[in-house]
Amino acid sequence: MATVELRFSAQPEHVRTARLVAAAVARRAGVEEAVLDEVRLAVGEACSRAVGLHISNGLTAPVRVVLTEEEKVFSIEVGDEVPGPAGGPGDAVSGIDAALDPDADGEDEMGLAVISGLVDDVEVTSGESGGTIRMSWPVSGAGDLP
């Protein structure tokens, strides 16, 4: 299992870099070319959401992006350090349930809805130490790439 971890200051101009890195690592992992645009868009939405949460909550901690290549799946986790709603650490909801959460603000809700539309396998978790959006895509021919 290969992992790439990226941390960047919560500034909008760094989201593009995260998108480029995610697409490059996804391509290397064996994600189909036709899906790479979805990977880029989903990572851009997740990172923009995390940046927005950090800025609106006055956090200076970096946004965390973890890209993991496994045997048959490529996954990306985008994490923020904004404490989640009451209910405790590890509260998980499916992406579409999170997108339709009536307690979510409009911009946050829209970003999660876009991610849910782009990614079939998405999970949003929120807890005391922050939130994570985990997305995954199948890979094919991962061993064939140089």
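Refer to the structure above for everything that follows.
The sections below set out a description of the structure shown in this document. As the structure is a prediction and not an experimental result, all values here were calculated from the model. (Residues numbered from 1 in each chain as written. Predicted model: local features only at pLDDT ≥ 70, side-chain atom pairs only at ≥ 80, totals over all residues. Heavy atoms only, no water.)

A few points about the overall build of the protein
For clarity, the cut-off: Under the scheme used here, helices are H or I runs from DSSP no shorter than 4 residues and strands are E runs no shorter than 2 residues, and both carry numbers assigned from the N terminus. The buried label applies to any residue whose accessible area, calculated with a 1.4 Å probe on protein chains only, is under 20% of its type's maximum; exposed applies above 50%, and partly exposed to all values in between. Here a residue-residue contact requires only that any non-hydrogen atoms of the pair lie within 4.5 Å. Every accessible area reported is derived by Shrake-Rupley at a probe size of 1.4 Å, with residue values counting cover from the shown protein chains alone.
Across its full length, the protein carries four helices and six strands. Looking at the protein as a whole, 42% of its 146 residues qualify as buried. Taking contacts inside the protein between residues at least 6 apart in sequence as the whole, the part at least 24 apart equals 69%. Summing over all exposed atoms, the protein offers an accessible surface of approximately 7,800 Å²; the carbon and sulfur share of this is 51%.

Describing the pattern of salt bridges
Heads up, the condition is: Criterion for a salt bridge: a side-chain nitrogen of Lys or Arg within 4 Å of a carboxyl oxygen of Asp or Glu.
Evaluated as defined, the whole model comprises five salt bridges. Among the salt bridges present, the one from Glu-33 reaches Arg-27, with a minimum N-O distance of 2.8 Å. Judged by its relative accessible area of 52%, Glu-33 falls in the exposed class. The exposure class of Arg-27 is partly exposed, given its relative accessible area of 37%.

Points about the packing of helix H1 (residues 15–29) against helix H2 (residues 33–56)
Quick reminder of the rule: Working convention: axes come from line fits to C-alpha atoms, limited for helices to the stretch in contact. Angles between N-to-C directions cover 0 to 180 degrees. Should the near helix be turned counterclockwise from the far one by less than a right angle, the crossing is left-handed, whereas a clockwise turn marks it as right-handed. Charged means Asp, Glu, Lys or Arg here, nonpolar means Ala, Val, Leu, Ile, Met, Phe, Trp, Tyr, Cys or Pro, and polar covers whatever is left, Gly included.
Where H1 meets H2, the axes come as close as 8 Å, and the angle between the chain directions of the two elements is 145 degrees. As H1 packs across H2, the resulting crossing turns out to be right-handed. From H1, Val-15, Ala-18, Arg-19, Ala-22, Ala-23, Ala-26 and Arg-27 reach across to H2, where they touch Glu-33, Leu-36, Val-39, Arg-40, Leu-41, Val-43, Gly-44, Cys-47, Ser-48 and Val-51. Partitioned by chemical class, the residues of the contact of H1 with H2 number 11 nonpolar, two polar and four charged.

A closer look at a negative patch on the surface
Under the convention used in this document: Put simply, a patch holds well-exposed residues, over 30% relative accessible area, that have no salt bridge, with like charges counted together within 9 Å and Val, Leu, Ile, Met, Phe, Trp or Tyr side chains within 5 Å. Only four residue types enter the tally: Lys and Arg on the positive side, Asp and Glu on the negative side; His and the chain ends are excluded. Positions of charges follow a simple convention, taking NZ of Lys, CZ of Arg, CG of Asp or CD of Glu.
A cluster of acidic side chains, namely Glu-38, Asp-120, Asp-121 and Glu-123, defines a negative patch on the protein surface. Considering the arrangement of structural elements, one finds Asp-121 in strand S5 (residues 121–127). The partly exposed category is assigned to Asp-121, whose relative accessible area is 43%.

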